[in-house]
Amino acid sequence: MVQRVVILGGSFGGLHVTHALLKKRNKDLKVILVSKNSHFFWNIASVRAIVPGQIKDEDILRPIAPALARYPSSSYEFLIGEATGADFASNTVTIALKDGITSTVPYDHLVLATGANYDSEVPTPWKASNSYDEILSLLHSTATAASQANHITVAGAGATGVEVAGELAYEWGNTKQIVLLSGSSTVLGNDIAGPAAANELKKLNVTIKYNARAVSSKKLDSGKTEVTLENGETITTDLYLPTTGMSPNTSYIPAEYLLGNKTVDVDEFLRVKNTTNVWAVGDVVSKPRAGFMITQKQAASAAKNIELALQSKQPVPAKGLPVDILACAVGRGRGAGRMGSIKLPSFGVWLAKGKTLGMPMAAGYIDGSVA
Ligand SMILES: Cc1cc2nc3c(=O)[nH]c(=O)nc-3n(C[C@H](O)[C@H](O)[C@H](O)COP(=O)(O)OP(=O)(O)OC[C@H]3O[C@@H](n4cnc5c(N)ncnc54)[C@H](O)[C@@H]3O)c2cc1C
């Protein structure tokens, strides 16, 4: 009998599991990929795509359907829709499709790969949070606003905030004021790469404001934005770009399967605890941390465990990365990072990440050759 594997989320994690399963050409398996967007978003390069002329639309957003077309049409379905509910007892998920149509989709195995998003009152293009048209439009409007602004405030000095400030300052550090707000007295939290990142940002004329946690923002009649900090101070800026408040996209999952931080609670096999056939990978798990290379490893493990389960075999513990790597581009010429506890030179980070922001790798992710 044909077994149905439903995969929620068409990004790094979900697409990888989809390809890994379909490549096996198991005729007793049907994969149903559900994605909010028709395209795969190489969000790693979103920080550079907000500088006009740097990244082509068709390179950063690539259609998913042609990448699946090489598999027999009977082996998969690709649904554009949003999971709005899940019932792990009855093995069904509720999917909101286009035009207000809702479908209840049954599964034998379910993969949760709906990632995480920045939870801020100002929409930002750092994640594939909406439809293809909406992501593209947000990238374009942010790029236009950045080119027109004289003063830009980036909130959050984590990796995304550092990269956003670096890209803006590489292009406009001598002509616009770029301010980076850090909620603490460091950049990149307590990571050992933090001081090097701060140093690189200063070279590009970024003003780093420490202990300056943004708590709210409001659009003024003038079109500017007023950002209020925790200490009551306000900053008036032409463009406000928050990079804070990463939150997993798990609102459709029953609360008993989530941890306090709303990530999915999984065991060593990446199986959702207290289930037998629900698996989770990537930023919905965010363990050991959110990262696409970690996601990729987890996706490979989840796909393997699903195959084992289909053969009535026991799952195997998920494999992690041999070493944790943090690489932070700081503009188009420099970077800061570490491999494990060893700091990496700026040039090395630039070569490995900052030069292209991984764009040449995107083709392999979409066509499944990495899976
Ligand atoms: C600017 C930036 C740079 C980064 N650089 C690096 C890096 O250098 N190295 C690294 O390892 N990591 C990096 N990351 C982290 C990396 O982007 C994430 O770890 C990766 O995107 C996780 O992939 P995912 O598939 O788990 O989820 P996501 O990429 O978050 O994708 C989730 C998908 O699910 C969809 N979705 C959401 N809710 C639903 C729903 N209810 N129903 C159906 N679909 C849904 C979304 O639209 C999206 O397509 C970076 C992140 C950012 C923001």
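What counts and how
Residues numbered from 1 in each chain as written. Predicted model: local features only at pLDDT ≥ 70, side-chain atom pairs only at ≥ 80, totals over all residues. Heavy atoms only, no water. UniProt positions renumbered as here; feature names shortened; annotations may be inferred. Helix = DSSP H or I, 4+ residues; strand = E, 2+ residues; numbered from the N terminus. Near = heavy atom within 4 Å. Polar contact = N/O pair within 3.5 Å; in protein donor to acceptor, adjacent residues only side chain to side chain. Areas by Shrake-Rupley, 256 points an atom, 1.4 Å probe, with all protein chains shown as cover. Pairing = 2+ DSSP bridges. Axes fitted to C-alpha atoms, helices over the stretch in contact; angles between N-to-C directions. Contact = heavy atoms within 4.5 Å. Patch = residues over 30% accessible without salt bridge, like charges linked within 9 Å, V, L, I, M, F, W, Y side chains within 5 Å. Salt bridge = Lys/Arg side-chain N within 4 Å of Asp/Glu carboxyl O. Lys, Arg positive; Asp, Glu negative; His and termini not counted. Charge placed at Lys NZ, Arg CZ, Asp CG, Glu CD. Buried < 20%, exposed > 50% of the residue type's maximum accessible area, 1.4 Å probe, protein only.

(A) View of the UniProt feature "domain: FAD/NAD(P)-binding" (unreviewed entry) in the protein. Cross-referencing UniProt, the feature "domain: FAD/NAD(P)-binding" (unreviewed entry) maps to residues 4-289 in the present numbering. Overall, residues 4-289 shows 23% helix and 29% strand. The separation of its end C-alpha atoms is 30 Å.

(B) Local environment of the site of the ligand. Lining the immediate environment of the ligand, one finds 33 residues, of which Ser 11, Lys 127, Ala 128, Phe 292 and Lys 353 sit closest. In this structure, an oxygen atom belonging to the ligand sits 3.2 Å away from a side-chain N or O atom of Asn 37. Contacts to the ligand include Met 293, whose backbone N or O atom sits 3.4 Å from an oxygen atom. A total of 1000 Å² of accessible area belongs to the ligand in isolation, and the protein chains cover 93% of it. Contributing elements (two or more residues each) for the shell around the ligand: α1 (12-23), α2 (46-49), β6 (82-87), β10 (116-118), α6 (159-172) and α8 (292-310). Looking at the shell around the ligand element by element, the count peaks at three residues for α8.

(C) Layout of the sheet that holds strand β21 (residues 334-339). Read from one edge to the other, the open sheet built from three strands follows the order β20-β21-β22, with strand pairing classed as antiparallel. The strands lining the two open edges of the sheet, one partner per strand, are β20 (325-330) and β22 (342-344). The average undirected angle you get between the axes of adjacent strands in this sheet is 15°. Inspection of the sheet shows β20 paired to β21 by six bridges, in the antiparallel sense. Pairing of Ile 325 across the sheet is with Met 339, part of β21. Against the sheet, helix α9 (residues 346-354) touches β20, β21 and β22, its axis set at about 95° to β21.

(D) Highlighting a positive patch on the surface. Taken together, the side chains of Lys 24, Lys 297, Lys 304 and Lys 319 define a basic patch exposed on the protein surface. For Lys 24, the location among the structural elements is in the loop between α1 and β2 (29-35). The exposure class of Lys 24 is exposed, given its relative accessible area of 54%.

(E) Fine view of the pairing of strand β7 (residues 92-96). One ladder, built from five bridges, connects β6 with β7; its direction is antiparallel. By the bridge assignment for β7, Asp 87 is matched with Thr 92. The turn joining β6 and β7, which pair antiparallel and follow one another in sequence, is formed by four residues; a positive phi near 55° is taken by Asn 91. The turn joining β7 and strand β8 (residues 102-106), which pair antiparallel and follow one another in sequence, is formed by five residues; a positive phi near 55° is taken by Asp 99.

(F) Region of interest: the sheet that holds strand β1 (residues 3-8). Ordered by their spatial adjacency, five strands build an open sheet running β5-β2-β1-β9-β19, and the pairing between neighbours is parallel. Either end of the sheet is taken by a strand with one partner, and the two such strands are β5 (76-80) and β19 (278-280). Averaged over all pairs of adjacent strands, the angle between strand axes in this sheet comes to 15°, irrespective of strand direction. Sheet topology places β1 next to β2; six bridges connect them, and they run parallel. Paired with Arg 4 across the strands is Lys 30, a residue of β2. Running over the sheet, α1 touches β1, β2, β5 and β9 (109-112) and is turned about 165° from β2. Helix-sheet contacts for α8 involve β1, β2, β9 and β19, and the interaxial angle to β9 is about 170°.

(G) Quick look at the environment of Ser 46. Relative to the helices and strands, Ser 46 resides in helix α2. Ser 46 gets classed as buried once you look at its relative accessible area, which sits at 1%. As a C-alpha pair, Ser 46 and Ala 128 span 82 residues in sequence and 9.9 Å in three-dimensional space. Once you skip the residues sitting within four places of it in the chain, Ser 46 turns out to touch Phe 41, Ile 60, Pro 125, Trp 126 and Leu 139.

(H) Structural context of the pattern of salt bridges. Following the criterion strictly, the structure yields 16 salt bridges and no others. Close ionic contact of Arg 48 with Glu 167 constitutes a salt bridge, the shortest N to O distance being 2.8 Å. Taken together, the positions of Arg 48 in helix α2 and Glu 167 in helix α6 put the pair 119 residues apart, joining distant regions of the chain. Here Arg 48 falls in the buried class, since its relative accessible area comes to 4%. Among the salt bridges present, the one from Lys 218 reaches Glu 226, with a minimum N-O distance of 3.8 Å. Overlapping salt bridges bring together Asp 191, Arg 289, Asp 324 and Arg 338 as one network.

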